[in-house]
Structures are given as C-alpha cells and as structure tokens.
Amino acid sequence: MNHHAYAPTPPMGWNSWDCYGAAVTEKEVRANAEYMAKHLKDYGWEYVVVDIQWYEPGAVSSQYRPFVPLEMDEFSRLVPAANRFPSAAGGRGFRPLADYVHGLGLKFGIHIMRGIPRQAAHAATPIKGSSATARDIAHPNSICPWNTDMYGVDASKEGAQAYYDSLFELYAEWGVDFVKVDDIAASRLYDAHLPEIELIRKAIDRCGRPMALSLSPGPAPVPYADFLEAHANMWRMTDDFWDKWDLLLDMFDRCEKWQGRSGPGHWPDCDMLPLGHIGIRSVDGGGADRWTRFTKDEQVTLMTLWTIFRSPLFFGGELNDNDEWTLSLLTNRDVLEMHRHGSDARQAYREGDRVVWTSRGRGGEIYVALFNTGETALEVGVALADIGNAGSSARVVDLWSGEALAAAGDRLAATVAPHGARLLRLAAN
C-alpha cells in the first residue's frame, strides 16, 4: 500500500507537548483521549500522540535532563517508563494504551528521536536481526544539539536498516498508527538527515502496519520538497511554533513558500496549535502554566491560515480545560470541510498589512480568507476576477460567524480586526 494512502486528508489530533512537555503521564493521555472521543471525534479529530521522552522516568518538564538513564529493552530499543505509563509494565510497552485509544475509536501516535540511544552505543547492546551492535551503527558526531538521548545512525553501516526495522516492528506490535520523528527534517548543526529518513520509510513499509510519518522540526528545506513528499506524510515548515504574534506573522511567508505542495498523503506542516490551557509542565515558548497568549482575533487568524493552507492540525492544550470558545474553534463544520476537501490553496495577494488567501471547495464553492496583520482595523478586499468566478450573484457566508454578507458583485471586501481574519465562502445561487 502506498504510504500516501495513510493520510488522504491532513491529519488531525492532540499532542502532549504544548501542555506537558516531556513529562506527560498515562493518566493524562487517557483523559485527553476520552475528551477527544466525546467532543471531537465526530468532527474528524482522531490522533492521540504522546510526545518526547516517554522512556525517561524522571522527566518533569520540557527541559531535558542530560545524560540520564533511559528505559530500554535488550535490543537497544527505548520503551515506556512504567512509573509514568503503568500499563507498560512487564514488557507490554504501549500496547495497552494503544488498545485503550483504539477502543475509543481513535488512533494512537508516539514521538521518537532520530537515531539510537547513546547508552546503547556505549554499552554495545544487540540489534535484533543483526550481528552488529548499537556501537557499530552509531554515528557519534551526528548528535542533536538540544537533547542528549541519541546518536544518529550511520545509514552506510551493516545493521542500520535492521535497527530501524526492529523499531517499527515493535511499534507495529504496540499498535502505533502515527510516528513523529524529531531532529530529522532540519537541524541547527546539519542539513536534513535524508539517509535516516530513507531507513525509516523502508522500516515502516516493511512493518506490516499503516503508520503516518511526521518529520520534525523545521524549517524543512523547500528544495527537498520532492524527497519529503516521496518519503513522509507531513513535515514541519517551521521550528517549534508558540503563542507569539511574530511567529504567527512569519507563518504567512512559510505558507507562501510551500503553497502548491499539499495533497493526499503529503502535507507541509505549520506545527501545533498552542491554544487553550498550555504550559502546564512545558516551559518552552517563553511562558509557564497559562492560557494561550493569542488574542481571540489572533486565534481566528491561526485557525483560518492553518485550515485554508490545509496544514495538519494538532491541538496542544489540555483538552479537558477547554472553554466554549476554544472548542468552537475546533468544531466548525464548514471550516473543517474546507480544511479536509479544499484544493488549490494559494495566496491571492499581499500588500502591506492586507493578505488574501483563496482555495476551492469540492462543490465548486470558493473560499476567501481576508487577513489584517496590522494594528488597526482595515477593509480588506479582492476582485472576484483574481480568485475565480463564483458568479456575481454568489451567496457569501462568513464561516466563523455564520452570517450572510451582501452579494459579491465584482469585488469582495470586509472590515477585518487588527491581527484578525474573516473566512468567507462564495457559492453560486
């Protein structure tokens, strides 16, 4: 089966990083899965993803403890820390948690770091299916600049493919549906790690279980777009995205660079949605325990850009603390219809503080996103000739408010709040 079939529409789910850093517990994962099943599954949200360092017993925040012992099996493979994931005790790994998530009608995902544990390399522990040891395949100068857990794997060494094959064989046994691989799509020290991406692609293809593959962090290099599309289901266009206006403003440039590269099974990724209650044990992003620092207008801008561009959507807050406003951002059926089934998303124009994006719906409708990146309210408009013809008598609806606007004529325009957005759907009468 072609791996693009694993993600025919942009993946949607929850990830533990923005609220719990490296320190999420099984109880918290189960609670967020329960919320998703009850409130979000019906809208297409499906993945529950345990982010970094589930194998680190002493993790307490998003600040990694350097060079600490990690939980590992006899074949150099990291396994969940049972003090944080009690159902993993006795060698069961993530199977019980994955079974629980699947029982809710959802899918289960994990985060891994590129490479092989340093502790495995130092101890020359075995690799399943190979006479090579961890020491033989480790690339000791291929390191992650922000985390000490792993060495890169030297793809030219005998045993390198066997190691990755053994990892994904284990994840298939656990029932994993989604794997986010970190320190691989871009690096502060190196270019993208293309040979390891190839090892991982082969390992997933051989493991016998469909798994969506997400590559982090960004910015993934645009010249590698064809390679990324051929090997992964999603890849990050940016380094970690947090609740800061300058990062959101920057995303307009990144989306423009990557426009035209989204399609069934291959999705450039704007990164997670730092909305709702975040920073509970995550201290990244310049803040501690907080509600998102984005204003409501900025939150609408974020959701409008991510959905019209068709980025994967991974919510980063503690779902059980969502208020009605936050939930409303995640459950707007008209917006999610555009996200799942829109096509030909592109920037129509950008002048000063005015930005306009457009895409087409599967029923012939035209979507127009009007953005105001400035500090005062502005009228933002676009000539219908520049966005495709929905007819001069097209019905115009604001998808966030639900209100009908006056017929378009030959131009579409609306007042947009500072740092805000309007998302309009034009459909022929």
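Above this text sits the structure in question.
Bear in mind the structure is a predicted one, so any value in this text is a computation, not a measurement.

### Notes on helix H10 (residues 296-309)
Then comes step 1: With 14 residues, H10 should cover 20 Å at 1.5 Å per step; its first-to-last C-alpha distance of 20 Å lies within 8% of that length.
Then comes step 2: Across the 14 residues that make up H10, a large majority, 12, are buried.
Then comes step 3: When H10 is considered as a whole, its buried residues turn out to be Glu298, Gln299, Val300, Thr301, Leu302, Met303, Thr304, Leu305, Trp306, Thr307, Ile308 and Phe309.
Then comes step 4: With its phi angle positive at about 70°, arginine 310 sits one or two positions after the end of H10.

### Topic: the nonpolar core
Then comes step 1: Ile110, Phe168, Tyr171, Leu215, Trp306 and Trp357 are the most contacted members of the largest nonpolar core, which has 125 residues in total.
Then comes step 2: Of all the elements, helix H6 (residues 160-174) adds the most residues to this core, at 10 residues.
Then comes step 3: If you look at the next biggest cluster of nonpolar residues, it comprises 17 residues, including Ile387, Ala394, Val396 and Leu426.

### Concerning unusual backbone geometry
Then comes step 1: Following serine 216, the chain continues to proline 217 via a peptide bond in cis, the omega torsion being -20°.
Then comes step 2: Checked against the element boundaries, proline 217 lands in the loop between strand S8 (212-215) and helix H8 (225-231).
Then comes step 3: Here glycine 218 and proline 219 are connected by a cis peptide whose omega angle stands at 0°.
Then comes step 4: The residue proline 219 is located in the loop between S8 and H8 in this model.
Then comes step 5: The residue glutamine 53 is not glycine, and still its phi comes out positive at about 65°.
Then comes step 6: Mapped onto the fold, glutamine 53 is located in the loop between strand S2 (47-50) and helix H3 (95-103).
Then comes step 7: According to the relative accessible area criterion, glutamine 53 is buried, its value standing at 1%.
Then comes step 8: Positive phi outside glycine occurs at alanine 124, with the angle close to 50°.

### A closer look at empty space enclosed by the protein
Then comes step 1: With the rule as written, the count across this model stands at 2 cavities of 30 Å³ or more.
Then comes step 2: If you add up the space inside the largest cavity, you get close to 90 Å³.
Then comes step 3: Taken together, Asn15, Phe178, Lys180, Ser214, Ser216, Met234, Arg236, Asp269, Asp271, Met272 and Phe314 make up the full set of residues lining the largest cavity.
Then comes step 4: Those elements that place two or more of their residues in the lining of the largest cavity are strand S7 (178-182) and strand S9 (234-236).
Then comes step 5: Residues that form the lining of the largest cavity fall into these classes: 4 nonpolar, 3 polar and 4 charged.

### Observations concerning the environment of alanine 132
Then comes step 1: In this fold, alanine 132 is placed in the loop between helix H4 (118-123) and helix H5 (134-137).
Then comes step 2: With 30 residues separating them in the primary sequence, alanine 132 and alanine 162 have C-alpha atoms 9.1 Å apart.

### A word on the pairing of S7
Then comes step 1: Burial analysis of S7 places 5 of its 5 residues in the buried class, which makes it a mostly covered element.
Then comes step 2: Residue alternation in S7 divides its side chains into two sets, Phe178, Lys180 and Asp182 and Val179 and Val181, and both sets are buried.
Then comes step 3: The sheet contact formed by strand S3 (residues 107-113) and S7 spans 5 bridges and is parallel. What sits directly across from histidine 111, in S7, is lysine 180.
Then comes step 4: In the sheet, S7 pairs with S8 via 4 bridges, with the strands oriented parallel. Looking at the pairing, valine 179 lines up with leucine 213 of S8.
Then comes step 5: A crossover links S7 with its parallel partner S8, the connecting element being helix H7 (residues 194-207), and its sense is right-handed.

### Considerations on helix H2 (residues 26-40)
Then comes step 1: For H2, with 15 residues, the first-to-last C-alpha span of 20 Å sits near the 21 Å given by 1.5 Å per residue.
Then comes step 2: Listing the buried residues of H2 in full gives Glu26, Glu28, Val29, Asn32, Ala33, Tyr35, Met36 and Leu40.
Then comes step 3: Residues of H2 that are buried sit in contact with strand S1 (12-15), helix H1 (17-20), S2, H3 and helix H11 (324-330).

### Here's the deal with the sheet that holds strand S6 (residues 150-153)
What holds strands together in a sheet is hydrogen bonding between their backbones, with the strands either parallel or antiparallel.
Then comes step 1: With antiparallel pairing, the 3 strands of this open sheet are ordered in space as S4-S6-S5. The two strands at the open ends of the sheet, each matched to only one other strand, are strand S4 (116-117) and strand S5 (138-143).
Then comes step 2: Relative to S6, S4 runs antiparallel, the two being bridged by 2 bridges. Bridge pairing in S6 places isoleucine 116 opposite tyrosine 151.
Then comes step 3: H6 contacts S4 and S6 of the sheet and is inclined by roughly 120° relative to S6.

Rules used throughout
Residues numbered from 1 in each chain as written. Predicted model: local features only at pLDDT ≥ 70, side-chain atom pairs only at ≥ 80, totals over all residues. Heavy atoms only, no water. Helix = DSSP H or I, 4+ residues; strand = E, 2+ residues; numbered from the N terminus. Expected span 1.5 Å × (residues − 1). Buried < 20%, exposed > 50% of the residue type's maximum accessible area, 1.4 Å probe, protein only. Core = buried A, V, L, I, M, F, W, Y, C linked by side-chain atoms within 4.5 Å. 1 Å grid on protein atoms, 1.4 Å probe; cavity = no way out; pocket = protein on both sides within 12 Å on 5 of 7 lines; lining within 4 Å. Points joined across faces, edges and corners; volume = space filled by probe spheres on them. Nonpolar A, V, L, I, M, F, W, Y, C, P; charged D, E, K, R; others polar. Pairing = 2+ DSSP bridges. Right-handed = clockwise from strand over helix to strand, strands pointing away. Contact = heavy atoms within 4.5 Å. Axes fitted to C-alpha atoms, helices over the stretch in contact; angles between N-to-C directions.

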